[in-house]
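Examining the three-dimensional arrangement
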Amino acid sequence: MASQEPILESQTLKTPSNNTPTPPTKTVDHQETHLNLPYSKRVVLKTILERSDGGAGLAGRKLVIGGWVKSYKEVVRKDSPRALPPQPIDGAGTVSRAGHTDFSCMEILHTRVPMFRSITKIFFSGANYPVRAKLENVAAPKPPSLPSAVNLLVSDGSCVSSLQVTVEFSEAFPFRPMPIGTCIIAEGVLVQLPVQEKHRIEFKVDKIVHIGKVEDDKYPLSKKRIPLETLRSCSHFRPRTTTVASVMRIRSALIFATNKFFQDHNFLNVQVPIITATDGAGFSEKFRVTTLSGKEVNKTEPKMLDDTTEGIISLESVKAAIKEKHNLVQQLKRTESNREALLAAEQDLLKTNQFASQLETKQKLFSQTKNGTPEDFFAQPTYLTVSGRLHLESYACALGNVFSFGPRFRADRRISAKHVPEMWMVEAEMAFSELEDSMNCAEDYFKFLCKWALENCSDDMNFVTKRIDKGRINLLETMSSCSSHRITYMESMNILKQVKDVKFEIQPELGIALTAQHLSYLADEYYKSPVIVYNYPKEVKPFYARLNDDGRTVAAFDMVVPKGGTFISGSQNEERIDILNERISELELAKDQYEWYLDLRRHGTVKHSGFSLGFDLMVLFATGIPDVREAIPFPRSSGKINN
């Protein structure tokens, strides 16, 4: 629908006289729920529409509402036809209708009395009286009806449902169409509708306070359902869609539930750094953080020269070559037998000296600081963190139980429905605890989140069940009440090796990491419930996982969920400094990065454990949305960033 001129700000609507009286304002005592927002004069639609009576109990209340138009419909009522102006009559008795032919009494007799029409044909055949067969041909057309009202469906993002907003039409207020996306603030009265109506209540507008216009031809949303992947190109508008809005409300509820769970279990919230010099896993793809340009960064790397030939020649060898070339020049000068050879040797010596000077300058620049970053913001290479568990340990070893919630970054270019470079993680660390304690905590936390979504997001869960996955509510109910099966890595291998009816992309063999396909089979097909696999080979888990007594496996686990895969991993961390030193050496990690981490073992070491939960993947699981990019407000992908 094309955009029209908006209503003037604060224009009062004059309700036309009709058979629908304005309901009286209902007197509300102090005990009734206060509807207004604390920091706004408007009422949140959720407080009206999510009442058990659908808002009918608030009929008669005068309110201010605000929101965005989701649909627009003109309403024509039978009791509101267009009033016709008085019709003038001329001296001949002809009714004059503007824009139509006049009709005399004789013409009307012709059309109504057949015998009179026959007599006229006989006696007045020459007279100029045109005979018209049907009166319908000469009668004035029925005047068109004007819309008596317009119905808007308005949403403010607080709930799934939209409020029907009705604006009465009048000549003093010729209401204009409002395209989808138009923002309005309006004052009016809530009116209860008859039972047979689709909506139980409507908002009858008295005054429009504000209209935020929309450039209709450029606005990307419409009444038609738009594919989620298309909406990614306009991520700043997609929360106005019902699907994305529901996912974000569920996400917000799970954030609240996360804080509640850990606060109720005496965990302290600790913010870990986003910029760090430590690789939290020891083998991650990291984002480098620097204030230098690309060329300047190259100067700080171990290969400080851009040219490949320069990079393999040391300054000492160049100086030795200069000495040899100098001796050659002196020998040619003494003999004076070949002037051309002398000139060539002198030119060669000059170039070699220039090359040595450049090489020495770059080497001095690189050696100005310990790690070769003289002009960078930090004095050593720094990266965006891939995990906060190492930093959490330092606070767990002082405060007991701690948790953190924040973004983590992996410079992984893989395109996957369950991975983007920036994802939010919930990480917990507990002092005086072992592997089993960590598994128990992770399982309880997961079940708590499932139950919280069901109990506190019922309308949104009903919507995503209807729109995205019909079995999602049943799945969450099952997950919130059932216990996980706990098996060792060895037991999982024995199960997978006996599978005959499934062809795995990577055949299960001892020593390899279990793939997503392996783990999903265990949860979805074999146990049909959550599964915790623990005691992995040390080669497939981070260096800090505690080495078991067998010397081959470590105290680490993955929790796998049916239709969700793995988004919880944890471990008991190595508290013995000698073994931790051995693991760092085995993996050839830069030991100087972990000296502060080793200090925790040198001074007051204690057994401790923890886990990480991929929060975005938990939202994915709770809603059934197919791609993690729809579960993140502003997703970042390799090669693409919109805002």
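Residues numbered from 1 in each chain as written. Predicted model: local features only at pLDDT ≥ 70, side-chain atom pairs only at ≥ 80, totals over all residues. Heavy atoms only, no water.

In contact at an axis separation of 10 Å, helix α5 (residues 242–264) and helix α18 (residues 615–623) are set at 125° when each is read in the N-to-C sense. Taken as axis vectors, α5 and α18 run oblique relative to one another. Taken as a pair, α5 and α18 cross one another with a handedness that is right-handed. Judged by residue contacts, Val-247, Ile-250, Arg-251, Leu-254, Ile-255 and Thr-258 of α5 engage Phe-615, Asp-616, Met-618, Val-619, Ala-622 and Thr-623 from α18. (Axes fitted to C-alpha atoms, helices over the stretch in contact; angles between N-to-C directions. Helix = DSSP H or I, 4+ residues; strand = E, 2+ residues; numbered from the N terminus. Parallel < 35°, antiparallel > 145°, perpendicular 65-115°, else oblique. Left-handed = near helix turned anticlockwise from the far one by under 90°. Contact = heavy atoms within 4.5 Å.)

A word on unusual backbone geometry. A positive phi angle is found at Asn-266, which is not glycine, with a value near 65°. Accessibility expressed as a relative area gives 66% for Asn-266, which makes it exposed. Despite not being glycine, Phe-432 has its phi angle at roughly 60°, a positive value. Among the secondary structure elements, Phe-432 is positioned in the loop between β12 (422–431) and α11 (435–456). Phe-432 sits in the exposed class, given a relative accessible area of 73%. (Buried < 20%, exposed > 50% of the residue type's maximum accessible area, 1.4 Å probe, protein only.)

Residues Ile-274, Ile-275, Phe-377 and Phe-378 make up a contiguous nonpolar surface patch of about 370 Å² in total accessible area. With respect to the secondary-structure elements, Phe-378 resides in the loop between α9 (339–366) and β10 (382–384). (Patch = residues over 30% accessible without salt bridge, like charges linked within 9 Å, V, L, I, M, F, W, Y side chains within 5 Å. Areas by Shrake-Rupley, 256 points an atom, 1.4 Å probe, with all protein chains shown as cover. Salt bridge = Lys/Arg side-chain N within 4 Å of Asp/Glu carboxyl O.)

The next subject is the sheet that holds strand β15 (residues 553–561). If you trace the eight strands from one edge of the open sheet to the other, you get β7-β11-β12-β17-β16-β15-β14-β13, paired in mixed fashion. Because the sheet does not close on itself, it has two edges, and the strands there are β7 (268–269) and β13 (485–488). Across six bridges, strand β14 (residues 531–537) lies against β15 in antiparallel orientation. Its bridge partner being in β15, Ile-532 is matched across the sheet by Met-559. Contacting β13 and β14, helix α14 (residues 489–497) crosses the sheet at an angle of about 95° to β13. (Pairing = 2+ DSSP bridges.)

Given two aromatic rings, their pairing is described by the distance between the two centres and the angle made by the two planes. Across all of its chains, the model carries 23 aromatic pairs by this definition. When the centroid spacing of 5.6 Å and the interplanar angle of 50° are considered together, the rings of Phe-261 and Phe-448 count as tilted. One end of the pair, Phe-261, is in helix α5; the other, Phe-448, is in helix α11, and 187 residues separate them in sequence. On the basis of relative accessible area, Phe-261 is assigned to the buried category, the value being 4%. An angle of 65° between the planes, with centres 5.0 Å apart, marks the rings of Phe-405 and Phe-615 as edge-to-face. One end of the pair, Phe-405, is in strand β11 (residues 401–409); the other, Phe-615, is in helix α18, with 210 residues separating them in the sequence. Taking relative accessible area as the criterion, Phe-405 reaches 21% and is therefore assigned partly exposed. We classify Phe-615 as buried; its relative accessible area is 0%. Lys-286 extends its terminal NZ or CZ atom over the ring of Tyr-383, reaching a point 4.9 Å from the ring centre. Its end group placed over the ring of Phe-621, Arg-472 keeps NZ or CZ at 5.6 Å from the ring centre. (Phe/Tyr/Trp six-rings, centres within 6.5 Å; stacked < 30°, edge-to-face > 60°. Lys NZ or Arg CZ within 6 Å of the ring centre and 35° of its normal.)

Turning to the confidence of the model for the protein, a few remarks are in order. Residues with a pLDDT of 70 or more make up 77% of the protein, whose mean pLDDT is 81. pLDDT under 50 marks residues 131–139. Its contacts with residues more than four places away, or in other chains, come to twelve contacts. Confidence drops under a pLDDT of 50 for residues 368–373, and excluding neighbours within four residues, the segment shows 13 contacts in the predicted structure. (pLDDT = per-residue confidence, 0-100.)

Right, let's talk about the side chain of Asp-156 for a bit. With respect to the secondary-structure elements, Asp-156 resides in the loop between β3 (149–155) and β4 (163–168). Residue classification places Asp-156 among the buried positions, given a relative accessible area of 12%. In this structure the side chain of Asp-156 is engaged in a polar contact, spanning 2.9 Å, whose partner is the backbone nitrogen of Leu-45. Within polar-contact distance, the side chain of Asp-156 engages the side chain of Ser-158 at 2.7 Å. Residues contacting Asp-156, with those up to four places away along its chain left out, are Arg-42, Val-43, Val-44, Leu-45, Gly-66, Gly-67 and Trp-68. (Polar contact = N/O pair within 3.5 Å; in protein donor to acceptor, adjacent residues only side chain to side chain.)

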